[in-house]
Amino acid sequence: MTKENKKGMWLRRNDETKEAKNGWIVTAVSALLSCAMLILITTGLSGFGEIYSIYPILAAGAVLCIAYAAAFIYKKQNLFYMGLLFVLFLMVLVFGEQIIAGAGVFWNQLGNIYVERTGMMLPVFDVTEATRTALMIFSVFAGSVVALITCFVAEKKAVVLSVVIPGVLLLGMFWLKQTEMIVWFIPAIIISVLILLCGNWEKRKIKLSALIGWGMVAVVTAIFAAVSLNAGFMENALDYSENYKENQHKEKYETDYSTLPEGDFSGYKADSKSAHPALIVTAEKPETLYLRGFTGAVFENGRWQETDYKTLAENKDLLYWLNVNEFSPAAQFEAAVLEEEIEKNTITVQNIGACSGYYYIPFNLCDGKLLDENNLSTDSIKAEGERVYTFNVVSGGAQKITATLDAVKLSRDETVLDYRKAESAYRNYVTENYMDVPKEVMEMLGEHWNKTAGRKNPKELDFEHAQICTLEFLKKYFPEEGEKPEIELPLSALEDTSYQYATVAVMTLRYFGIPARYAEGYVVTEEMFDRTEEGNSVRVDSKSARAWAEVYQEGLGWIPMELTEGMGELLENPDKENSSQSTDENPNPEEGKELEDEPEAPTEEPLPDGGYMTKIKKAFMSSSMVMLIAALLLLIVIIIRREIIIKHKEEKFSDSDTSNAAAWIYGDTAVLLEQLGLRRGNGSMYSLAKDISEKFGEEYTEDFNEVTLLNSKAMFSSEKITAEEREKTLEFRTKTIEKIKENIKKPKQIWIKWIRCFY
Amino acid sequence: MIAMKLCWLILEGIFVLFFLYFGSSTAFALALLLLLLPPVNTLINLFVKKKIKVSLNSEPNLRKGESGEVEIIIKNNSVFPVFHMGIKLLAENQLNGQKSEHNVSTWLPSKGKQTETINTGSDYCGRIKVSVKRARIYDCFGIIGIGFKCNAKAYVTVQPDTFETIINLSPNSRALDESDIYSQEKAGDDLTEIYQIREYVPGDSPRQVHWKLSNKFGKLIVKEPALPITRNVLVFWERTGESGNLDIIDAQAETIVSVCKSLLDQSIQFTIGWNDTDRNICILHEVSDMDKFIGVITRIMRATGAKEGVSGAGLLVQTRPEALCAHMIYIAEEPQSEVTAMQGEGNVSMLLCGKTPLDGALMFDSEHYEQQLSQIDL
């Protein structure tokens, strides 16, 4: 053997050649499983299986993986790849249109799922002639492409597949919010682990045991999951999840001063005594603004919720059509007002203490950057933490309602006719989806209606009569002070607050056939602008926070109930929540009574950039926490590290060979002496004796000489060191440590002890 | 193992994330299960580790470059299986200090045993000590490991290759070569002692004919002269002052074995010695025949060298002066100063393969030592 060929010693497994021989099985099976799993995941996530069978796509993938295995055996993989690419190329040439049509159908189905889960539209692929043949050809083509990729990756770097499979599933689930696909993780992870274990990665380390372990875990997991699903686990899990989401929402968007319940009245306590900073609203021209944030469409389990994504998905064609035709429910009023009548007023909202999850915008909003045409949601507009924003409103919107309504009804202008067409479509949607009243409320109202109005169907009332009846009912819910309510309130929570009042009003309106929704936000009045000394900026605090009912005014859109025609009397109702410092006679925010009073004891002076300050404060707190945790972890690591090093040292010091032990102790002591400035260099240890004598006296020097002699004996003599001699060396080390403690400054001591771990 | 841990971590993360974001009870159940499995399994492992026994078996001898099997037999006497077990094996060539490690992963059935086989070998001669450096049992995800003591060891001797060398032993005036011990294996030329009696074959000298017996048996019987065995040779391997170059150590080991073999071929009995650098003692063995020498080879193959320390020559002169004899073969990488004291007691033939040339020494290198040492005059 020549010198070049020598590799020294080896210690290795002896079955590598066997592994190499069986490589084709591992690679082909990995490719087959990955291909099948990827196809199942993709079709499952996209819902492709609902419109066409998944067997052709699976069969195409499987056949090609088997062909690949055969090619692998004969070492003709390159031929396989080239051949398959050529076939795919031919398919594109011959069946290009069908493949594109099939892909279009696939994409649109994916879009349907996306809308259903997120309420957002994806671009729609225009597929006019998608036959079953086209879907079949697309399936074969797609299956072949997936097979080609998986075979190639399985051969070159199988580990990539083990990451890609759960990765695709995870991304898909997050993107499409397909939570029920979580169970797919079990086969996906099993396949990933199989690929990892059977592939080339860590082949010398992992064996069958791991597979058995994972197999068992999978079985136990499945059993556990099955049991948990039937054991009321879901409720608890949902509670946890809800709490987490709420906490996340609070953490991300809310401040300590965010006061609105956002439709959830459970555990909410209205604080009417203290005033917390919320918004700074700057208007080009002062006017009354109903700045709504959260709006609720459905009342379930004692809380208001927005229209669910399923409803949006069912109406996606309509809503998307409205959006692309510049009919946005949030800016409908602007669309209704005649163009020549529009006078814009620029409003800037600086959110300093309110929840920044929503934009606070009024009903007379002019369309702008806040609206996204792909967002089908008809309720609140999400701000996602944005705290300063500017928008335009139709100036004096509240005063233009009647005139606009008349203009819309009478005008024959083409633009107005187009608007009316879109409005009509949207009105149908609203009538279908903003009329739900909980069953028990319906029964309660029905009972009272039957007593007072006979058998006439409340839905048959015209708009005006319905309004009058609503007002009558509301008076009975909320009688004058000292009188007993004639009807039991449908919502007993948050008694005597605008949240209760708005909820009851919305339900009653709906009972009488008027589409209505619940809205929360801040009301800014002209008087507030008048009182402020800062020009057109007004500081809005939590006392202006409230809820109100919004009525769908035919032809105009969602208008706060107080502003709608014929509903003026409603304003006479006490808004007791806000009236603790205002008169009971007129709680109308427009009257400004409740807002005239100065806050009793503002807990914090709202800063102009209060929102940012809160953010900074939160960021500071979070980063402090992170740093504290990191410091604690570091401390733990340092302590553990030192313990391990000291333990190793002690093991050496108590070596069964006492000579070895003494030599170790002496060597360690020499390092300690270096810390005391007694560095030996290349000479003899005895050369240090003089310096030691000068520094630490004769007694220590004698010990040093004795121990050095013992070390020579331990190192070079065939005579063994005795246990006593070893103890003597150890004693000298202890003395040296004491010298360190006496003669070295604390910071260096800490460095030597905890970082260098010398003792 | 890393793969398992990563998988566990990713899975746990995914399930927690899904549970928190989507309120999936399945995800919650899976996350909880994943979290509980490792500690529960570890508690069981604390009991199981006391019931595990590991032993190592290996082939005793190998040629250079040849692979031999080392069997790891692990017995689990508990009723619980072990999902994952990791053993770190350490192989150390005791002659040249070369080390190699290998991780073996396996599992153990309940009340059963598992046998794993690994290969070992070396391109350099020496005794390979295979031991268990670390043994751990893990939970089913390989997250929490519990170590346990394991003293299993196995030894494999990689035998040195030998080369032909002719040793010419010249008489030393200061010592007598006479001996009253004769070889039992080989005929010699000392007619005063008979090695064996056999029938005459053409070519035998008439002087060898045993007339008395020939007359008695009625056919020609000859007597073969015996070979006197001398004990005046010491072969000493200096293990101090070596650079750690594996090729040089290998060349020296092969040289010492080849020289000894050549001496045995000539029926020269000799003493072989080296210094133990760990314990600072001199080790000497009387070698009278091949069997004894084979036994000694195993010991030579674990003679650890050192760069510095008390020299072998010094130890020999000071602690074993009786071993010094008329002919001494001193094999070293670099000669130690105490070798001059040896020269005072007899002829010292130095075979050196270091970088420092020395007058009277036979220099060789690790590449051409077979040619350079084909003939040695003592």
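Residues numbered from 1 in each chain as written. Chains lettered and ligands numbered in written order. Predicted model: local features only at pLDDT ≥ 70, side-chain atom pairs only at ≥ 80, totals over all residues.

**Student:** What is the right way to look at the overall build of chain B in this model?
**Tutor:** In terms of regular secondary structure, chain B is built from eight helices and 19 strands. The buried share of chain B, reckoned over its 378 residues, is 41%. Considering only residue pairs separated by 6 or more positions, chain B has 70% of its internal contacts joining residues 24 or more positions apart. (Helix = DSSP H or I, 4+ residues; strand = E, 2+ residues; numbered from the N terminus. Buried ≥ 20, exposed ≤ 12 C-beta atoms within 10 Å, placed from the backbone. Contact = placed C-beta atoms within 7 Å.)

**Student:** Sorry if this is basic, but what is going on with the overall build of chain A here?
**Tutor:** Check the secondary structure of chain A and you find 25 helices and 11 strands. Burial statistics for chain A: of 759 residues in total, 40% are counted as buried. Intrachain contacts of chain A at a sequence separation of at least 6 include 76% that bridge at least 24 residues.

**Student:** Just checking my understanding: could you explain the sheet that holds strand β10 (residues 545-553) of chain A for this structure?
**Tutor:** Sheet strands line up and pair through hydrogen bonds in the backbone, either parallel or antiparallel. All names here are of chain A. The strand order across the open sheet built from four strands is β3-β8-β10-β11, with neighbouring strands paired in antiparallel fashion. The open sheet is flanked by β3 (289-296) and β11 (557-560), the only strands paired with a single partner. Taking the axes of each pair of neighbouring strands and ignoring which way they run, one obtains an average angle of 45° across the sheet. Inspection of the sheet shows β10 paired to β11 by four bridges, in the antiparallel sense. Bridge assignment links V551 to a residue of β11, and that residue is I559. (Pairing = 2+ DSSP bridges. Axes fitted to C-alpha atoms, helices over the stretch in contact; angles between N-to-C directions.)

**Student:** So what exactly am I meant to see when it comes to the environment of H249 of chain A here?
**Tutor:** All names here are of chain A. Along the chain, the position of H249 falls in helix α9 (residues 233-253). Linking H249 and G357, residues 108 residues apart in sequence, is a C-alpha distance of 7.6 Å. If we ignore the near neighbours within four places in the chain, the residues touching H249 are E254 and G357.

**Student:** What's the story with the nonpolar core in this structure? I'm lost.
**Tutor:** Note that soluble globular proteins tend to have their nonpolar side chains buried in a common cluster. Counting residues in hydrophobic clusters, the biggest one holds 245 residues, and the most contacted among them are L279, V281 and A549 of chain A together with V235 and Y330 of chain B. Examining the composition of this core, we find that 18 residues originate from one element, helix α6 (residues 132-176) of chain A, more than from any other. With residues near it in sequence (within four places) discarded, L279 of chain A still touches V349, Q350, N351, I352, A354, Y360, Y522 and V540 of chain A. The next biggest cluster of nonpolar side chains, apart from the first, holds 16 residues, and it includes Y666, I692, F704 and L710 of chain A. (Core = buried A, V, L, I, M, F, W, Y, C linked by C-beta atoms within 7 Å.)

**Student:** Mind showing me how you'd approach the packing of helix α4 (residues 55-73) of chain A against helix α5 (residues 77-118) of chain A here?
**Tutor:** The geometry of a pair of packed helices is captured by two quantities: the angle between their axes and the separation between those axes. Residues and elements named next belong to chain A. With their axes 8 Å apart at the nearest point, α4 and α5 run at an angle of 145° to one another. For the pair formed by α4 and α5, the contact residues are L64, A67, Y68, A71 and F72 on the first element and Q77, L79, F80 and L84 on the second. When grouped by side-chain class, the residues that make up the contact of α4 with α5 number eight nonpolar, one polar and no charged. (Nonpolar A, V, L, I, M, F, W, Y, C, P; charged D, E, K, R; others polar.)

**Student:** Could you clarify how one ought to interpret the pairing of strand β6 (residues 344-351) of chain A in this entry?
**Tutor:** Strand direction decides the pairing type here: strand β2 (residues 277-283) of chain A and β6 of chain A, joined by five bridges, are antiparallel. Each residue of the ladder has a partner; that of A283 of chain A, found in β6 of chain A, is I347 of chain A.

**Student:** Help me understand the sheet that holds β6 of chain A, please; the structure alone is not making it clear to me.
**Tutor:** Residues and elements named next belong to chain A. What the four strands build is an open sheet, ordered β7-β6-β2-β9; its pairing is antiparallel. A strand with exactly one partner marks an edge of an open sheet, and here the two such strands are β7 (388-394) and β9 (537-541). Strand after strand, the sheet turns through a mean of 25° between neighbouring axes, direction not considered.

**Student:** I would appreciate a short explanation of the environment of D691 of chain A in the present structure.
**Tutor:** As for its placement among the helices and strands, D691 of chain A is situated in helix α22 (residues 689-696). Residues D691 of chain A and L678 of chain A, 13 residues apart in the sequence, show an inter-C-alpha distance of 7.3 Å.

**Student:** I'm lost on helix α13 (residues 401-410) of chain A in this one. Help?
**Tutor:** Because an α-helix completes one turn every 3.6 residues, residues spaced three or four positions apart along the sequence face the same direction. Residue and element names in this part refer to chain A. Burial in α13 covers these residues: I401, T404 and V408. Each buried residue of α13 lies within a common arc of 65° when the element is viewed along its axis, so the set occupies one face. Seen from the buried face of α13, the exposed residues on the opposite side, beyond 90 degrees, are T402, A403, D406, K409 and L410. (Arc of directions from axis to C-beta.)

**Student:** How should I be thinking about the pairing of β2 of chain A in this particular structure?
**Tutor:** A regular strand places its side chains so that they alternate between the two faces of the sheet. Residue and element names in this part refer to chain A. By the criterion of burial, β2 is predominantly enclosed, with six of the seven residues buried. One ladder, built from five bridges, connects β2 with β9; its direction is antiparallel. Bridging from a neighbouring strand, P277 pairs with D541 of β9.

**Student:** It is not clear to me how α5 of chain A should be interpreted in this structure. Could you clarify?
**Tutor:** Residue and element names in this part refer to chain A. Over its 42 residues, α5 runs only 43 Å from end to end, short of the ideal 62 Å by more than 12%, given 1.5 Å per residue. If you look at α5, its biggest bend is around 90°, right at F95. Looking at the residues trailing α5, positive phi occurs at G119, about 80°. (Expected span 1.5 Å × (residues − 1). Bend = angle between axes of the 7 residues up to and from the residue.)

**Student:** What is the right way to look at the packing of helix α21 (residues 658-675) of chain A against helix α24 (residues 723-743) of chain A in this model?
**Tutor:** Residue and element names in this part refer to chain A. Where α21 meets α24, the closest approach of the two axes is 9 Å, and the angle between their N-to-C directions is 15°. In terms of orientation, α21 lies roughly parallel with respect to α24. Considering only the axes of α21 and α24, their crossing is left-handed. Of the residues in α24, those touching α21 at T658, A661, A662, I665, Y666, D668, T669, L672, L673 and Q675 are A723, E725, R726, T729, L730, F732, R733, T736, I737 and I740. Class assignment for the residues of the contact of α21 with α24 results in 11 nonpolar, five polar and four charged. (Parallel < 35°, antiparallel > 145°, perpendicular 65-115°, else oblique. Left-handed = near helix turned anticlockwise from the far one by under 90°.)

**Student:** I would appreciate a short explanation of unusual backbone geometry in the present structure.
**Tutor:** Glycine aside, residues mostly have negative phi angles, and peptide bonds mostly take the trans form. All names here are of chain A. Unlike most non-glycine residues, N301 shows phi in positive territory, near 50°. As for its placement among the helices and strands, N301 is situated in the loop between β4 (298-300) and β5 (303-305). Look at E384: it is not a glycine, yet its phi comes out positive at around 50°. Relative to the helices and strands, E384 resides in the loop between β6 and β7.

None of this, on its own, says anything about what the molecule does.
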